[in-house]
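Summary of structural features
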Amino acid sequence: GFDVPFTTHTLVMNNPDPCRSAFVMLEVELDIDFDLPANSGAAYGIAADEMYYIANRGGTAAQDVHTQTTKVVMRTIPAGGATNMNLLISLGRGSGGATFNRVQSLIRAFCFVL
């Protein structure tokens, strides 16, 4: 299927200022290796947004096909507040015996009190 949840990482971000809102830039990175037999394909997504699809339409296997994607989103945290920032990793569109053999992810936030 499309966008099948694989794992979720959560970062709790606090606004340290009790008087002013904070602007947050959230950067998430996803780094995956696929093993693709002949005539296969696979995809992955960040936050239910399919970011990458690869197909091997050749006659031989492609091992350790590496891809890395970064996504940046912005949030505002009210004065003295907090928010949960989630990184949902999804996999999908696996066909022809395609598998993944490595998943690395990163979630990073930059907080600016304005």
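Because the structure is predicted, anything quoted here is derived from the model rather than measured.

**A few points about the nonpolar core**
Grouped together as the largest cluster of nonpolar side chains are 20 residues, with contacts concentrated most on Leu 30, Ile 32, Phe 34, Leu 36, Tyr 44, Ile 77 and Met 85. Counting only elements with at least two residues in this core, the list comes to strand S2 (22-36), strand S3 (40-46), strand S5 (62-77) and strand S6 (82-95). Discounting residues that sit within four places of it in the chain, Leu 36 has contacts with Gly 41, Ala 42, Ile 54, Asn 56, Thr 60, Ala 61, Ala 62, Val 65 and Ala 98.

**Overview of the sheet that holds strand S7 (residues 99-113)**
Spatially, the three strands line up as an open sheet ordered S5-S2-S7, and their pairing is antiparallel. Among the strands making up the open sheet, the edge pair consists of S5 and S7. Taking the axes of each pair of neighbouring strands and ignoring which way they run, one obtains an average angle of 10 degrees across the sheet. When S2 meets S7, the two strands line up antiparallel, connected through 14 bridges.

**Focus on the side chain of Asp 33**
Mapped onto the secondary structure, Asp 33 falls in strand S2. Assessed through its relative accessible area of 9%, Asp 33 is described here as buried. A distance of 3.0 Å separates polar atoms of two side chains, one belonging to Asp 33 and the other to Arg 102. Apart from the residues lying within four places of it in its own chain, the contact partners of Asp 33 are Asp 64, Val 65, His 66, Thr 99, Phe 100, Asn 101 and Arg 102.

**Some remarks on a nonpolar patch on the surface**
Residues Met 25, Val 72, Met 74, Phe 110, Phe 112 and Leu 114 make up a contiguous nonpolar surface patch of roughly 580 Å² in combined accessible area. With respect to the secondary-structure elements, Leu 114 resides in the segment after S7. In this structure Leu 114 comes out as exposed when scored by relative accessible area, which is 66%.

**Some details on the sheet that holds strand S1 (residues 4-14)**
Ordered in space as S1-S6-S3-S4, the four strands form an open sheet in which the pairing is antiparallel. Whereas interior strands pair on both sides, the edge strands pair on one side only; in this sheet they are S1 and strand S4 (49-56). Across this sheet, the average inter-strand angle for adjacent strands is 15 degrees, counted without regard to direction. Here S3 pairs with S6 via five bridges, running antiparallel. Directly across from Ala 43, in S6, lies its bridge partner Gly 92.

What counts and what doesn't
Residues numbered from 1 in each chain as written. Predicted model: local features only at pLDDT ≥ 70, side-chain atom pairs only at ≥ 80, totals over all residues. Heavy atoms only, no water. Core = buried A, V, L, I, M, F, W, Y, C linked by side-chain atoms within 4.5 Å. Buried < 20%, exposed > 50% of the residue type's maximum accessible area, 1.4 Å probe, protein only. Helix = DSSP H or I, 4+ residues; strand = E, 2+ residues; numbered from the N terminus. Contact = heavy atoms within 4.5 Å. Pairing = 2+ DSSP bridges. Axes fitted to C-alpha atoms, helices over the stretch in contact; angles between N-to-C directions. Polar contact = N/O pair within 3.5 Å; in protein donor to acceptor, adjacent residues only side chain to side chain. Patch = residues over 30% accessible without salt bridge, like charges linked within 9 Å, V, L, I, M, F, W, Y side chains within 5 Å. Areas by Shrake-Rupley, 256 points an atom, 1.4 Å probe, with all protein chains shown as cover. Salt bridge = Lys/Arg side-chain N within 4 Å of Asp/Glu carboxyl O.

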